[in-house]
Amino acid sequence: MLSRLSLVTGGARSGKSRLAEAIVTGSGRTRRYIATAQAWDDEMRDRIAQHQTDRGADWITVEAPLDLSAALDAAGPEDAVLIDCATLWLTNHLLFEHDLDAEGTALLAACARCKAPVIIVSNEVGWGIVPDNALARRFRDAQGRLNQRIAAQAGLVVGVMAGLPMVLKGQLPPWM
Ligand SMILES: Nc1nc2c(ncn2[C@@H]2O[C@H](COP(=O)(O)OP(=O)(O)OP(=O)(O)O)[C@@H](O)[C@H]2O)c(=O)[nH]1
């Protein structure tokens with residue numbers, strides 16, 4: 001069990017990033033944001049720029065679409081690390097046909113090594129109908145497995161729905 005690891009999971013636009021950012025901000029530690037998204041089009045570029053503006057200058061942003069281990073190893077004991085998000089990171093590895101279970105194992109090992117508390121934002125993607133193509137089914141299964149593996153190790157697990165936190169494991173920090 002990694003008591004300093006947290007998982008914040010939910011659907012798209014559920015408010016999970018905002019909650020995870022508030023946990024980091026309230027900690028008073030140096031805010032380290034690890035972004036896994038890649039901008040493939042103008043809408044995504046605008047979305048990312050908006051997120052950067054909203055976060056403000058008080059965050060160190062690290063771009064890590066694939067190599068989360070290196071990004072976590074770079075964090076110091078004074079930091080609090082937010083990984084946003086495990087879903088796009090997993091998608092990036094899927095597109096390179098990497099072994100997703102092995103990547104999950106490496107991610108958890110890097111979280112265990114990390115000198116700072118780590119909050120991982122992820123998505124619940126399996127609530128709709130079964131996808132009609134094999135790639136989407138593979139991704140859905142891999143994301144569900146990864147969320148379970150992170151949640152099993154984490155000291156805090158929060159589901160977010162309609163902007164509201166549901167604590168599934170552990171306790172929110174006192175400033176929340
Ligand atoms: N590359 C990059 N991506 C970023 C940056 N800031 C935010 N993002 C990405 O923006 C994504 C989250 O934005 P949205 O898709 O708007 O959020 P959402 O997950 O739908 O909504 P919430 O549930 O409210 O968090 C994450 O995947 C981040 O990686 C950044 O500075 N650089």
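Residues numbered from 1 in each chain as written. Predicted model: local features only at pLDDT ≥ 70, side-chain atom pairs only at ≥ 80, totals over all residues. Heavy atoms only, no water.

### Some words on the UniProt feature "active site" (unreviewed entry) in the protein chain
- The UniProt entry lists His51 under the feature "active site" (unreviewed entry), expressed in the numbering used here.
- Positionally, His51 belongs in helix α2 (residues 42-55). (UniProt positions renumbered as here; feature names shortened; annotations may be inferred. Helix = DSSP H or I, 4+ residues; strand = E, 2+ residues; numbered from the N terminus.)

### A closer look at α2
- The terminal C-alpha atoms of α2 lie 20 Å apart, and with 14 residues this matches the ideal 20 Å at 1.5 Å per residue to within 8%.
- N-capping of α2 is provided by Asp41, with a side-chain oxygen placed 3.3 Å from the backbone N of Glu43.
- Phi turns positive, to about 85°, at Gly56, one or two residues after α2. (Expected span 1.5 Å × (residues − 1). Polar contact = N/O pair within 3.5 Å; in protein donor to acceptor, adjacent residues only side chain to side chain.)

### Side note on the pairing of strand β1 (residues 2-10)
- Most of β1 is tucked away, with seven of its nine residues classed as buried.
- Bridge count for β1 against strand β5 (residues 118-123) is six bridges, and the pairing is parallel. The partner of Leu5 across the bridge, within β5, is Val118. (Buried < 20%, exposed > 50% of the residue type's maximum accessible area, 1.4 Å probe, protein only. Pairing = 2+ DSSP bridges.)

### Remarks on the packing of aromatic side chains
- Using the criterion set out here, one finds one aromatic pair in the structure.
- For the pair Tyr33 and Trp59, a centre-to-centre distance of 6.0 Å together with 85° between the ring planes defines the contact as edge-to-face. Taken together, the residues span a long stretch of sequence, with Tyr33 in strand β2 (residues 30-35) and Trp59 in strand β3 (residues 59-63) at a distance of 26 residues.
- The exposure class assigned to Tyr33 is buried, which follows from its relative accessible area of 6%. (Phe/Tyr/Trp six-rings, centres within 6.5 Å; stacked < 30°, edge-to-face > 60°.)

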